Amino acid sequence: MFKGNPVVYQIYPRSFQDSNGDGIGDLPGIVERLDHIAALGADAVWLSPIYPSPDADFGYDVADHTAVDPRYGTLGDFDALVAAAHDRGLALLLDYVPCHTSLEHPWFREQVDFYIRRQSAERPNNWLATFGGPAWDRDPVTGGWYLHTFYPEQPDLDWRNPALVDAMQDVLRFWRARGVDGFRLDALQSLLKDPELRDDPPATEPFPFPLDPNYAQLAHVHSVNAPDIGDGVAAIRAAAGSDAVLVGEVYLPAAQRDPYLPHLDVAFAFELLFCPREAGAVRAAIESNPGERRPGWVLSNHDFSRIASRWGPEAARAAAMLHLTLPGAAFLFQGDELGQPDGPGHDPPYDRARRDPYRHPLAWDETPGAGFSSGQPWLAPLRAPDGPVSVQERDRGSLLWLYRDLIALRRELDGPVSFLDAPPGALAFSRGDRDVVAVNLGAEPWRDPPAGEVLLATHEASGPIRPLAGRVVRS
Ligand code: NOJ
Ligand code: CA
């Protein structure tokens, strides 16, 4: 089910489709809309967390790993979703959150040793939390301190405790037995830390990806990414099974992801997500992730500004062509296929890290609720320039159709990337020895683009390639 260069569609369940009018997306809603994903030609669906959660981090604070949040439905609804996905040839991946739970998970009080806790007068070390502030808070259970790499509501699990590893392996087995095909593994770089809890030194050079400014003051050499991290990932693989699809979210630059790869199928390549709309930077991002790194290319997700806003709506077609012609896996965040921009979010913000703007519901049709909900939506659905799904479906020239065409063409592309000469601002790379992808990110028309049979064009299929347009040609 998951071979070659798969396309994985990320569903943010709260914002995909509401089936009961409470304004929050849910599992029966996803079933109603699976045909949209199948029609795109995707291979798999990844669901952001669906487990019971107090939503301090919107599902990434899990209060029960083996249940469905009642707002999303029941385990019965989940089984129906698995069956409906498989009927359409779609693999189903869950989000597995190994590094922390919710403070409200019963383990926090009942399984004291499952968490990283210390007894000391002062904080045990200088580690900082990803969202800012110290990573240690007073422990209401032991009177000491507990570690939280993310929000204080997300205490860190101790993957150096074999009993915890067993318990978290049971979670994987539970979902596999229910028919789940694999998992997206959250924040894997945080799975194992320095057992001696040594202080992190001050940062001497900037981290290549965005970080909270307070957190960025330290070089996280001990608080994440321990030298034996591969052992932790291996424990996940052992329980998930050799045939499970494992996608690692490792928030580290490409070379530092290598120790994780022996146990993963794919690791997210975030280099394009943080790349400016500039040919040299795009080329460097692509070259740092050759096929051997099994990159999972990401242009948008629920954590960062969407591609249609970062690169501008005028570049959405060129961005889609780049994304979907690269070897590896391509992760498509719901709404990107429509050109959905960032939204206004909510006032006051739901998410303290201010990620609401990237999480607005999808616009399905032209009705007042945009087909997302018959009630009051938790965040307003956003309309993209080419319109909601219903409008784009009827327009053969829409962005949605370009996504469908690119995904179909992707099946035919084969072989590694090799960059070719191109004028300033433009990019040309071959896939194997047959096909060439040419994308013009510059300001001038590209007057003598690569020749050959045009397999797909974002705009005109002949003549110069205008700025922010691209073509795939076969020689
Ligand atoms: C990465 C997830 O994508 C993000 O939404 C979450 O806040 C952190 N991991 C913590 O689980
Ligand atoms: Ca609902």
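Definitions and cut-offs
- Residues numbered from 1 in each chain as written.
- Chains lettered and ligands numbered in written order.
- Predicted model: local features only at pLDDT ≥ 70, side-chain atom pairs only at ≥ 80, totals over all residues.
- Heavy atoms only, no water.
- Donors = N, O, S within 2.8 Å, 3.2 Å for Na, K, Ca; no water.
- Buried < 20%, exposed > 50% of the residue type's maximum accessible area, 1.4 Å probe, protein only.
- Axes fitted to C-alpha atoms, helices over the stretch in contact; angles between N-to-C directions.
- Helix = DSSP H or I, 4+ residues; strand = E, 2+ residues; numbered from the N terminus.
- Parallel < 35°, antiparallel > 145°, perpendicular 65-115°, else oblique.
- Left-handed = near helix turned anticlockwise from the far one by under 90°.
- Contact = heavy atoms within 4.5 Å.
- Nonpolar A, V, L, I, M, F, W, Y, C, P; charged D, E, K, R; others polar.
- Pairing = 2+ DSSP bridges.
- Polar contact = N/O pair within 3.5 Å; in protein donor to acceptor, adjacent residues only side chain to side chain.

Q: Help me understand the coordination of the calcium ion (ligand 2) in this model?
A: Between any two of four tetrahedral donors, the ideal angle at the metal is 109.5 degrees; between two of six octahedral donors, it is 90 or 180 degrees. In the first shell of the calcium ion (ligand 2), the protein supplies Asp 18 (OD), Asn 20 (OD1), Asp 22 (OD), Ile 24 (O) and Asp 26 (OD), at 2.3 to 2.4 Å from the metal. When the donor residues of the calcium ion (ligand 2) are listed from N- to C-terminus, their spacing reads D-x1-N-x1-D-x1-I-x1-D. Exposure class is identical for Asp 18 and Ile 24. Each is buried.

Q: Teacher, can you tell me more about the packing of helix 1 (residues 27-40) against helix 2 (residues 75-87) here?
A: If you want to describe how two helices pack, look at the angle between their axes and the distance between the axes. Interhelical geometry of helix 1 versus helix 2 gives an angle of 15° and a closest axis separation of 9 Å. Overall, the two elements helix 1 and helix 2 adopt an arrangement that is roughly parallel. Two packed elements cross with a definite hand, and for helix 1 against helix 2 that hand is left-handed. Two secondary-structure elements touch here, helix 1 through Leu 27, Pro 28, Ile 30, Val 31 and Leu 34 and helix 2 through Asp 77, Phe 78, Leu 81, Ala 84 and Ala 85. For the contact of helix 1 with helix 2, a count of residues per class yields nine nonpolar, no polar and one charged.

Q: Explain the sheet that holds strand 6 (residues 145-147) to me, please; I cannot follow it from the model alone.
A: If you trace the three strands from one edge of the open sheet to the other, you get 4-6-5, paired in antiparallel fashion. The open sheet has two edge strands, strand 4 (117-118) and strand 5 (136-138), and neither has a second partner. Of the pairings in the sheet, the one linking strand 4 to strand 6 comprises two bridges and is antiparallel in character. For Arg 117, the partnering residue across the bridge sits in strand 6 and is Tyr 146.

Q: Please explain the packing of helix 4 (residues 162-177) against helix 5 (residues 229-240) as it appears in this structure.
A: At their nearest, the axes of helix 4 and helix 5 sit 8 Å apart, and the two run at 40° to each other. The two elements helix 4 and helix 5 meet at a crossing, and its hand is right-handed. In this structure, helix 4 contributes Val 165, Gln 169, Leu 172, Arg 173 and Arg 176 to the contact, and helix 5 contributes Ala 235, Ile 236, Ala 238, Ala 239 and Ala 240. Looking at the contact of helix 4 with helix 5, its residues break down into seven nonpolar, one polar and two charged.

Q: I tried to follow the side chain of Ser 102 on my own but got confused; where do I start?
A: Topologically, Ser 102 is positioned in the loop between strand 3 (91-96) and helix 3 (107-110). Here the side chain of Ser 102 touches Glu 104 through a polar contact of 2.8 Å, landing on its backbone nitrogen. If we ignore the near neighbours within four places in the chain, the residues touching Ser 102 are Pro 54, Asp 61, Val 62, Ala 63, Glu 153 and Pro 155.

Q: Would you take a moment to explain unusual backbone geometry for this structure?
A: Peptide bonds are trans in most cases, and residues, glycine excluded, mostly fall at negative phi. Of note, the bond from Asp 347 into Pro 348 is cis; its omega dihedral lies within 30 degrees of zero at -5°. Mapping Pro 348 onto the fold places it in the loop between strand 11 (329-333) and helix 9 (389-394). Of note in the backbone geometry, Asp 55 takes a positive phi value of approximately 65° without being a glycine. With respect to the helices and strands, the residue Asp 55 is situated in the loop between strand 2 (44-47) and helix 2. For Asp 55, a relative accessible area of 14% translates into the label buried. Even without a glycine there, the phi angle at Ala 187 is positive, about 50°. Tracing the sequence through the fold places Ala 187 in the loop between strand 7 (182-185) and helix 5.

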